[in-house]
Amino acid sequence: MTDLRLTLRIDANGKPLLGHGKIRLLEQIEETGSISAAARAMGMSYRRAWLLVESMNSVFVHPLVAARPGGGGGAGLSEDGHKVLKLYREIEQLSRQAADGPLAEMSGMCEVP
């Protein structure tokens, strides 16, 4: 039996909006309080992380990631950032529950090394 896993990507008007990579970046930013620390934790360049944050911030009505006030630097999730993260994880959980049966059946049909 092959171990199959469902991954979720949300598109908007035919273009990628959110997927597991961007969501993981948001989680790391929340955890570390910094875009650069989040990038390091994920093994990506700061520039790549910054571009991903900019892309997310530009398509939502309110930015998902914001600089932390107080002059100490760092970044965190905005209220909308927290909400988008929660909604994505809820959608992901519901999708996995709905797909369990068909994935189990498909798994028995696969022989992936």
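Residues numbered from 1 in each chain as written. Predicted model: local features only at pLDDT ≥ 70, side-chain atom pairs only at ≥ 80, totals over all residues. Heavy atoms only, no water.

S.K.: Describe the overall build of the protein, with residues and values.
M.R.: Counting its secondary structure elements, the protein contains 4 helices and 4 strands. Ordered by position in the sequence, the α and β elements of the protein form the string β-β-α-α-α-β-β-α. Radius of gyration (C-alpha) of the protein: 17 Å, far over the 13 Å computed for a compact globule of 113 residues. Along the longest, intermediate and shortest principal axes, the C-alpha atoms of the protein span 55 × 30 × 25 Å. The 113 residues of the protein split such that 30% are buried. Long-range contacts, defined as pairs at least 24 residues apart, comprise 52% of the intrachain contacts of the protein with a sequence gap of at least 6. Accessible surface computed for the protein: about 7,500 Å², of which carbon and sulfur atoms make up 55%. The distance from the centre of the 13 positive side-chain charges to the centre of the 13 negative ones in the protein is 8 Å. (Helix = DSSP H or I, 4+ residues; strand = E, 2+ residues; numbered from the N terminus. Rg over C-alpha atoms; globule rule 2.2 N^0.38 Å. Buried < 20%, exposed > 50% of the residue type's maximum accessible area, 1.4 Å probe, protein only. Contact = heavy atoms within 4.5 Å. Areas by Shrake-Rupley, 256 points an atom, 1.4 Å probe, with all protein chains shown as cover. Lys, Arg positive; Asp, Glu negative; His and termini not counted. Charge placed at Lys NZ, Arg CZ, Asp CG, Glu CD.)

S.K.: Mind laying out helix 2 (residues 35-42), listing which residues take part and the relevant values?
M.R.: Residues of helix 2 that are buried include every one of Ile-35, Ala-37, Ala-38 and Ala-39, and no others. Among the structural elements, helix 1 (20-32), helix 3 (46-59), strand 3 (65-67) and strand 4 (75-77) are those in contact with the buried residues of helix 2. Immediately beyond the C-terminal end of helix 2, within one or two residues, lies Gly-43, with a positive phi of roughly 70°.

S.K.: Before we move on, can you summarise a nonpolar patch on the surface with the specific residues and values?
M.R.: A cluster of nonpolar side chains, Tyr-46, Trp-50 and Leu-51, forms an exposed patch at the surface whose accessible area comes to about 290 Å². Mapped onto the elements of the fold, Trp-50 is located in helix 3. By relative accessible area, Trp-50 is classed as partly exposed at 34%. (Patch = residues over 30% accessible without salt bridge, like charges linked within 9 Å, V, L, I, M, F, W, Y side chains within 5 Å. Salt bridge = Lys/Arg side-chain N within 4 Å of Asp/Glu carboxyl O.)

S.K.: Give me the packing of helix 2 against helix 3: which residues, what numbers.
M.R.: Two elements in contact, helix 2 and helix 3, have axes whose closest approach is 9 Å; the angle formed by their N-to-C orientations is 115°. Considering only the axes of helix 2 and helix 3, their crossing is right-handed. Seen from helix 2, the contacting residues are Ile-35, Ser-36 and Ala-39; seen from helix 3, they are Tyr-46, Ala-49, Trp-50 and Val-53. For the contact of helix 2 with helix 3, a count of residues per class yields 6 nonpolar, 1 polar and no charged. (Axes fitted to C-alpha atoms, helices over the stretch in contact; angles between N-to-C directions. Left-handed = near helix turned anticlockwise from the far one by under 90°. Nonpolar A, V, L, I, M, F, W, Y, C, P; charged D, E, K, R; others polar.)

S.K.: Please provide a residue-by-residue account of helix 3, values included.
M.R.: Taking 1.5 Å of rise per residue, 14 residues should cover 20 Å, and helix 3 covers 20 Å from first to last C-alpha, within 8% of that figure. Where the residues of helix 3 are buried, they touch strand 2 (15-18), helix 1, helix 2 and strand 3. (Expected span 1.5 Å × (residues − 1).)

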